[in-house]
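Observations on chain architecture
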Amino acid sequence: MDKQHPTPNTQHPTPNTQHSTPQFDYLIVGAGIYGASFACKARQEGKRCLVIDRRPHSGGNVYCEKIEEINVHKYGAHIFHTSNKEVWNFVNSIVEFNRYTNSPIACHKGKLYNLPFNMNTFYTLWGTKTPEEAKAKIEAQRKEAGITEPKNLEEQAISLVGKDIYEILIKGYTEKQWGRKCTELPAFIIKRLPVRFTFNNNYFNDIYQGIPIGGYNKLIDGLLQGVETRCNADFFENRQYFESIARKTVFTGKIDEYYNYKFGQMEYRTLTFETQTLDCENHQGNAVVNYTEREVPYTRIIEHKHFEFGVQPKTVISKEYPSEWKSGSEPFYPVNDDKNNALYQKYKDMADKETGVIFGGRLAEYKYYDMDKIIESVLNNFKYENKSKNHRMLP
Ligand code: UDP
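If you're wondering where the values come from, they're calculated on a predicted model, not measured in any experiment.

Rules used in this analysis
Residues numbered from 1 in each chain as written. Predicted model: local features only at pLDDT ≥ 70, side-chain atom pairs only at ≥ 80, totals over all residues. Heavy atoms only, no water. Near = heavy atom within 4 Å. Polar contact = N/O pair within 3.5 Å; in protein donor to acceptor, adjacent residues only side chain to side chain. Areas by Shrake-Rupley, 256 points an atom, 1.4 Å probe, with all protein chains shown as cover. Helix = DSSP H or I, 4+ residues; strand = E, 2+ residues; numbered from the N terminus. Nonpolar A, V, L, I, M, F, W, Y, C, P; charged D, E, K, R; others polar. Buried < 20%, exposed > 50% of the residue type's maximum accessible area, 1.4 Å probe, protein only. Arc of directions from axis to C-beta. Contact = heavy atoms within 4.5 Å. Salt bridge = Lys/Arg side-chain N within 4 Å of Asp/Glu carboxyl O. Pairing = 2+ DSSP bridges. Axes fitted to C-alpha atoms, helices over the stretch in contact; angles between N-to-C directions.

1. Thoughts on the site of the ligand
- Within the structure, the ligand sits among 17 residues, and Leu169, Thr174, Tyr203, Tyr333 and Tyr368 are positioned closest to it.
- The contact in question runs from an oxygen atom of the ligand to an N or O atom on the side chain of tyrosine 203, over 2.5 Å.
- Side-chain polar atom of tyrosine 333 to an oxygen atom of the ligand: 2.5 Å apart, as the coordinates give it.
- In the complex, the protein chains occlude 94% of the 520 Å² of accessible area that the ligand would expose alone.
- At 6 residues, the largest contribution of residues to the shell around the ligand is made by helix α5 (residues 153-178).
- When grouped by side-chain class, the residues that make up the shell around the ligand number 11 nonpolar, 4 polar and 2 charged.

2. With respect to helix α3 (residues 119-126)
- Residues of α3 that are buried: Met119, Thr121, Phe122 and Trp126. Across the axial projection of α3, the buried residues extend over an arc of 155 degrees, all falling on one side.
- Looking at the packing, one finds that the buried side of α3 touches β7 (111-114), α4 (131-145) and α5.
- Backbone nitrogen of asparagine 120 and a side-chain oxygen of the N-cap are separated by 2.9 Å at the start of α3; the cap is asparagine 118.
- Count one or two residues on from α3 and you reach glycine 127, which has phi positive near 75 degrees.

3. Points about unusual backbone geometry
- A cis amide bond links leucine 115 with the next residue in sequence, proline 116, at an omega value of -10 degrees.
- With respect to the secondary-structure elements, proline 116 resides in the loop between β7 and α3.
- Here the phi dihedral of asparagine 232 falls at roughly 55 degrees; this positive angle occurs in a residue that is not glycine.
- Following the sequence through the fold, asparagine 232 ends up in the loop between β9 (228-230) and α7 (239-244).

4. With respect to the pattern of salt bridges
- Enumeration over the complete set of coordinates arrives at 22 salt bridges.
- Note that arginine 54 and glutamate 257 form a salt bridge whose closest N and O atoms lie 2.9 Å from each other. Taken together, the positions of arginine 54 in the loop between β2 (49-52) and β3 (64-67) and glutamate 257 in helix α8 (residues 255-258) put the pair 203 residues apart, joining distant regions of the chain.
- For arginine 54, a relative accessible area of 43% corresponds to the partly exposed category.
- With a shortest N-O distance of 3.0 Å, aspartate 370 and arginine 192 are connected by a salt bridge. Linking aspartate 370 in the loop between β16 (357-359) and α10 (371-388) with arginine 192 in the loop between α5 and β8 (208-210), this pair joins segments that are 178 residues apart in sequence.
- For aspartate 370, a relative accessible area of 21% translates into the label partly exposed.
- Exposure remark for arginine 192: the relative accessible area of 33% places this residue in the partly exposed category.
- The structure contains a network of salt bridges with shared partners spanning Arg180, Glu267, Arg269, Glu324 and Lys339.

5. Remarks on the sheet that holds strand β10 (residues 246-251)
- With respect to topology, 5 strands assemble into an open sheet ordered β9-β2-β1-β10-β16, the strand pairing being parallel. With one partner strand each, in any of the chains shown, β9 and β16 form the two edges of the open sheet. On average, adjacent strands in this sheet sit at an angle of 20 degrees to one another, irrespective of strand direction.
- With 3 bridges joining them, β2 and β9 adopt parallel strand pairing. Bridge pairing in β9 places isoleucine 52 opposite arginine 230.

In short, geometric facts, not functional conclusions.
Now the structure itself:
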């Protein structure tokens, strides 16, 4: 862990019992991207913040662990990308970013394909050499499937890239990733991936992309600089106390847990990682290789050094295994199907009535957010607070 990381501390600050003014303006529950960005902005505005996190480290799922001098993305690969200049300037004001461009490879039954779906993929699969040829192939497969208005992920995928690509590169991967049939999953998930009729293997369409130089801990440490941060501190174990020491709570954990699962539990997907150090310099020649067939139990192998163009003598790889979230594991992905979205709406209706709590981030908003969108929402939140500053006091 980098030296700026706060020492884990389970002690509580002294509560202010004599005065009615709480000790902190904000209690921020969760030291991930939302919590750390919020703390940074609030500190810049002179607000007193306490950030707590139940894990022994800050950073949430972007936290990296150094192994063999390589920054290992302990909770899965994170690649920062955005088209929002304000967000890009904000993160770059904290740490410099490298020029990493994500170009994953997909492996299906021993054969390699380029991602996202582009002219290279189409050529490998069909031998099509022009956009016109590739489009004609997709259109024929879409027509044959008889899809006009895609109603689920399967139909959306076939209508975007045709049946061959769906069968080879999407179906198996998606059903492993989500533990559900593609016909039971929302279409928007597959729309995250670009489909291009150019020979361009960049996984993202965004203008800006990169990895913090020195790893994500540098970004988190920078965001939390000058902010009191306590790790190993579980909000739910001392809820009354924590709520009493701040004027407002910023909650970034699971919203159903915040409301004590009053309406029932929402579903999440979790990931487990099998990480190995290998005595070779370069194992797979790329940071990300997806294994798209159902029979391979993991979804991808990450070779961490390639995110930072590492030249260390050894290498570290992680196999990623998705499964259903259970209490005690880390929630990674909300399962935004109709059933869960309806449940979330009930919690959201309660959240909307709160005056002293801000809910933000993937878990509190039950949304498949990317990092840049989380920061964007924090920045917007501060714009709103500023605009309304003259009209209302914080509760
Ligand atoms: N996906 C796929 N095949 C791949 C990569 C992705 O079918 O080789 C689908 C899959 O449904 C996945 C979704 O695209 O859940 C979004 O992929 P992304 O890479 O954005 O997922 P993340 O990195 O957030 O896990």
